[in-house]
Amino acid sequence: FAALIAAEYNGIDVKVADFEASASPTGKAPVLILPNGTALFSSHAIARFLAGLRRDTGIIGASLQEQAAVDAWMDFASHELELPACVWFYPAAGYMPFNKDAYEKAKADLAKGLTVLNDYLMTKTYLVGDQITLADIVVASTLLYPMKLVCDKAYLKPFGNVVRWFQTCVHQPEFTAVVGEVTMCKKEVTAAGQEASAAPAKKQQQSKKDKKKEKAAEPAPKPVKKAEHPYKIMDKESPSKFSMDAWKKTYSNAPTYDAAMEEFWKTFDKEGWSLWLQVYNYNEDNKRIFMTSNAVGGFQQRTDEIRRWAFGVMDVLGTEETSLEIKGIWLLRGDTVQHMINANDDANWYTWTKLAGKDLDPSDEVKAQVKAYWCNENELEGKPIQDSKVFK
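Residues numbered from 1 in each chain as written. Predicted model: local features only at pLDDT ≥ 70, side-chain atom pairs only at ≥ 80, totals over all residues. Heavy atoms only, no water.

This part covers the overall build of the chain. When you go through the chain residue by residue, the secondary structure sums to 15 helices and eight strands. Projected onto its principal axes, the C-alpha positions of the chain cover 80 × 70 × 40 Å. Of all 392 residues assigned to the chain, the portion counted as buried reaches 41%. In the chain, the share of contacts with a sequence separation of at least 24, taken over all contacts with a separation of at least 6, comes to 73%. Accessible area of the chain: about 22,100 Å², with a carbon and sulfur share of 52%. (Helix = DSSP H or I, 4+ residues; strand = E, 2+ residues; numbered from the N terminus. Buried < 20%, exposed > 50% of the residue type's maximum accessible area, 1.4 Å probe, protein only. Contact = heavy atoms within 4.5 Å. Areas by Shrake-Rupley, 256 points an atom, 1.4 Å probe, with all protein chains shown as cover.)

And the structure:
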């Protein structure tokens, strides 16, 4: 929707035709065919292009600073809102099977993103400047189906500023021309296999006599103590001599990478920590460097829950003309990658190979591989490093 709404704001006539896979370099929708035959793909790239065709409307941002702010909010939508929103409403829309754990986590993760948005909008009408920009268009479009299908009044109660802003956006004529009238969700649409929330039972008429019997109220149940994170339990029950904080400081402040790695292998505790090679399973989908880099950044942001017990370097390797790969090596507490997967659903889209840890000594080959992944700046495994992000 974002690209078509941007076109409405700029008065650009975009003809919507049946999708043909051969029209897109990726074979996937959406794609925009320009008059000269050039094919643009990726919804955000198309929206940026259409928004930038007319500077006088201001939707791309009135200055370089505002343009950067617009890009920041578009990235926020991709990293913090889109994934949990889709995981939540896709089963309700019939796009994927229902999974209770994924459903609960998606609701919680979306709430985190909406909290950020709600706090920011406390004193603002729009996300950037004093008018609707591509930032509002993209973020509102990302939330459109969740707001219509699953985010009921009770869920949105803490996010009054978001609701106000969202309704301001979708009631603009440029929005309604594309998405029509938007009706906010009144009752969450449930997926096949999902139990609907139990509706509160109607209160029955009670006689004075019955009410007297209920005067002696039952004591309130004791609050359930939140379970400790497995890593915290591990720290208590199986303390390790290796200090993650000390290693992160060494990595950042050592005079050379050689000095940092020498110190790492001196202190590495294979009984309490493990090393893992991370390889993305769908590298064929990586077509643009900036999009692949954004995916890496989003992965690391969603790993924040275990930051105290994790260190990793992820690289984007290759070229747009050949192929782009996402690879990394991570140091994790314990001897399993499952806690990473529990903290970050995206970890399921990677293959994890244990390199060292309990019952597996790091070989000289592994030590050289870890050093290359954590220290190389220009080339890795014979391929150029397009981007490298450190999680510490």
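The side chains of a regular strand alternate between both faces of the sheet. Counting buried positions over the eight residues of strand S3 (residues 273-280) gives seven, a clear majority of the element. Bridge analysis of S3 against strand S5 (residues 324-333) gives seven bridges, and the strand direction is antiparallel. Considered in S5, the bridge of Val279 is made with Lys327. Note: S3 against strand S6 (residues 350-356), six bridges, orientation antiparallel. Following the sheet pairing, Gln278 is matched in S6 by Trp352. (Pairing = 2+ DSSP bridges.)

Bringing the pairing of strand S8 (residues 383-391) into the picture now. Direction of pairing for strand S4 (residues 310-318) relative to S8: antiparallel, over a ladder of six bridges. Looking at S8, one finds that Val313 is bridged to Val390. In textbook terms, the turn of a hairpin is the stretch between consecutive antiparallel strands, and for strand S7 (residues 379-380) and S8 this stretch comprises two residues, one of which, Glu381, has a positive phi near 55 degrees.

Looking now at the sheet that holds S5. In spatial order, the strands read S6-S3-S5-S4-S8-S7; together these six strands make up an open sheet with antiparallel pairing. The open sheet is flanked by S6 and S7, the only strands paired with a single partner.

The subject of this paragraph is the packing of helix H3 (residues 64-93) against helix H4 (residues 100-120). Remark: H3 packs on H4, axes separated minimally by 7 Å, with the N-to-C direction vectors making an angle of 150 degrees. If you check the angle between H3 and H4, you find them roughly antiparallel. Where H3 crosses over H4, the two elements pack in a sense that is left-handed. Side by side, H3 and H4 meet where Trp73, Phe76, Glu80, Leu81, Pro84, Ala85, Val87 and Trp88 of the first sit next to Ala102, Tyr103, Ala106, Lys107, Asp109, Leu110, Gly113, Leu114, Val116, Leu117 and Tyr120 of the second. In terms of residue class, the contact of H3 with H4 is made up of 15 nonpolar, one polar and three charged. (Axes fitted to C-alpha atoms, helices over the stretch in contact; angles between N-to-C directions. Parallel < 35°, antiparallel > 145°, perpendicular 65-115°, else oblique. Left-handed = near helix turned anticlockwise from the far one by under 90°. Nonpolar A, V, L, I, M, F, W, Y, C, P; charged D, E, K, R; others polar.)

What follows concerns helix H7 (residues 160-170). Helical geometry: 3.6 residues make up each α-helical turn, so side chains three or four residues apart lie on a common side. Among all positions in H7, only Asn161, Val162, Val163, Trp165, Phe166, Cys169 and Val170 are buried. Taken together, the buried residues of H7 touch H4, helix H5 (134-149), helix H6 (153-156) and helix H8 (173-179).

This paragraph deals with the nonpolar core. Grouped together as the largest cluster of nonpolar side chains are 60 residues, with contacts concentrated most on Leu114, Leu117, Leu134, Leu143, Trp165 and Phe166. Mapped onto this core, the elements with two or more residues apiece are helix H1 (2-10), helix H2 (43-52), H3, H4, H5, H6, H7 and H8. For this core, the element with the highest residue contribution is H3, accounting for 11 residues. (Core = buried A, V, L, I, M, F, W, Y, C linked by side-chain atoms within 4.5 Å.)

Further remarks concern the environment of Lys248. Secondary-structure assignment places Lys248 in helix H11 (residues 244-253). Considered as a pair, Lys248 and Ala260 are 12 residues apart in the sequence and their alpha carbons are 9.7 Å apart. Separated by 2.6 Å, the side chain of Lys248 and the backbone oxygen of Arg307 make a polar contact. At 3.1 Å, the side chain of Lys248 and the backbone oxygen of Ala310 are in polar contact. (Polar contact = N/O pair within 3.5 Å; in protein donor to acceptor, adjacent residues only side chain to side chain.)

Quick look at the packing of aromatic side chains now. Enumeration according to the criterion identifies 32 aromatic pairs in this entry. Summarising the aromatic geometry, the rings of Phe299 and Trp330 are spaced 6.0 Å apart at their centres and angled 65 degrees between planes, so their arrangement reads as edge-to-face. Here Trp330 lies in strand S5 and Phe299 lies in helix H13 (residues 289-301), a separation of 31 residues in the sequence. Each of the two residues, Phe299 as well as Trp330, counts as buried. When the ring of Trp330 is compared with that of Phe391, the centres are 5.2 Å apart and the planes differ by 45 degrees; the resulting orientation is tilted. Of this pair, Trp330 sits in strand S5 while Phe391 is found in strand S8, placing the two residues 61 residues apart along the sequence. Note on accessibility: Trp330 and Phe391 belong to one class, buried. One aromatic cluster is present, built from ring pairs that chain together Phe242, Trp247, Tyr251, Tyr257, Phe264, Trp265, Phe268, Trp273, Phe311 and Trp374. If you follow Lys124 out to its NZ or CZ, it ends over the ring of Tyr120, 4.7 Å from the centre. Above the ring of Trp265, the side-chain terminus of Lys367 is found at 5.4 Å from the ring centroid. (Phe/Tyr/Trp six-rings, centres within 6.5 Å; stacked < 30°, edge-to-face > 60°. Lys NZ or Arg CZ within 6 Å of the ring centre and 35° of its normal.)

What follows is about the environment of Leu277. Positionally, Leu277 belongs in strand S3. Take Leu277: its relative accessible area is 14%, and that puts it in the buried class. A sequence separation of 54 residues divides Leu277 from Leu331, and the C-alpha atoms of the two residues are 9.3 Å apart. If we ignore the near neighbours within four places in the chain, the residues touching Leu277 are Gly328, Ile329, Thr351, Trp352, Thr353, Leu355, Gln369 and Tyr373.

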